[in-house]
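# Structural features, examined
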Amino acid sequence: LSEGRLVRISEIAERFEISRNHLTKVVHQLGIRGYLETVQGRHGGMRLARSPETIVIGDVVRDFEEGFDLVECFNVDQCDCRIQPACVLKGTLDEALDAFLDVLDRTTLADLLVPRRRLRTLLAIGYEEAGIPATTGAPPG
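Given the structure is predicted, the values throughout are model-derived calculations rather than measurements. The residue count restarts for each chain, going from 1 along the sequence in the order it is written. Where local features are concerned, this predicted model is filtered to residues with pLDDT of at least 70; where side-chain atom pairs are given and counted, the filter is 80 or more; whole-chain, interface and lining totals use all residues. Hydrogens and water are ignored here; the side-chain numbers use all heavy atoms of the structure.

### Focus: the packing of helix H1 (residues 9–16) against helix H2 (residues 20–32)
This is how the line gets drawn: All axes are obtained by fitting lines to C-alpha atoms, using only the stretch in contact for helices, and the reported angles, taken between N-to-C directions, cover 0 to 180 degrees. In this description a helix means any DSSP run of H or I spanning at least four residues, a strand means any run of E spanning at least two, and both kinds are numbered starting from the N terminus. For this classification, under 35 degrees means roughly parallel, over 145 means roughly antiparallel, 65 to 115 means roughly perpendicular, and everything else is oblique. Here a crossing is taken to be left-handed if its near helix is turned anticlockwise relative to the far helix by less than a right angle, and right-handed if that turn runs clockwise. By the convention used here, residues are in contact when the closest approach between their heavy atoms is within 4.5 Å. Think of it as three bins: nonpolar holds Ala, Val, Leu, Ile, Met, Phe, Trp, Tyr, Cys and Pro, charged holds Asp, Glu, Lys and Arg, and polar takes everything else, Gly as well.
Their axes nearest at 9 Å, the elements H1 and H2 cross at an angle of 125°. Between H1 and H2, the angle falls in the class oblique. The element H1 and its partner H2 pack so that their crossing is right-handed. Counting all contacts with H1, which are made through Ile9, Ser10, Ile12 and Ala13, the residues of H2 involved are Arg20, Leu23, Thr24 and Val27. Looking at the contact of H1 with H2, its residues break down into five nonpolar, two polar and one charged.

Set out below in structure tokens:
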């Protein structure tokens with residue numbers, strides 16, 4: 001929402017009312033994975049490293065989730081379920097997981113930013129903070 005402006009962790013933590021320490025870890029991982037560009041120092045911060053249209057939500061979820069074992073039998077090495085050889089539920093859950101990921105694969109960060117004006121209002125982000133000159137009027141969205 002800040003249109004390429006460097007944003008500080010403290011600013012995001014405050015606006016979303018989340019832990020600064022937790023956010024620092026998330027930002028670090030997003031930087032390692034190439035989603036964020038981070039700039040160290042007094043005038044540092046972070047911004048997207050790629051355009052929102054190229055960031056697929058399914059990819060982000062896969063990058064951050066270690067596994068999608070919805071139930072014990074998804075991991076055959078750790079499955080002690082007695083009915084596993086005859087279980088139909090695993091196939092149903094596999095299909096549901098595939099459908100979940102398919103929806104996320106059709107969604108980009110740009111899709112999530114469509115209600116820009118409303119999001120900026122909810123997060124109390126002014127035009128200048130968003131990198132939009134006040135003389136241009138209201139941004140689209």
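Back to the write-up after that little detour.
### Overview of the pattern of salt bridges
Heads up, the condition is: Within this document, salt bridges are pairs made up of a side-chain nitrogen of Lys or Arg and a carboxyl oxygen of Asp or Glu, the two lying within 4 Å of each other. The rule is simple: take the accessible area with a 1.4 Å probe, protein chains only, and divide by the maximum for that residue type; under 20% is buried, over 50% is exposed, in between is partly exposed.
Under the criterion given, the structure shown has seven salt bridges. Across the pair Arg62 and Asp105 runs a salt bridge, and its minimum N-O distance is 2.7 Å. Residue Arg62 is located in helix H3 (residues 57–64), and its partner Asp105 is located in helix H4 (residues 89–105); the two are separated by 43 residues in the primary sequence. Notably, a salt bridge pairs Asp94 with Lys90, separated by 3.2 Å at the nearest N-O pair. On the criterion of helical spacing, the pair formed by Asp94 and Lys90 is a turn pair, its members being four residues apart in helix H4. Judged by its relative accessible area of 28%, Asp94 falls in the partly exposed class. One salt-bridge network, held together by shared partners, links Glu3, Arg116 and Arg120.

Any link to function would need more than the numbers given here.
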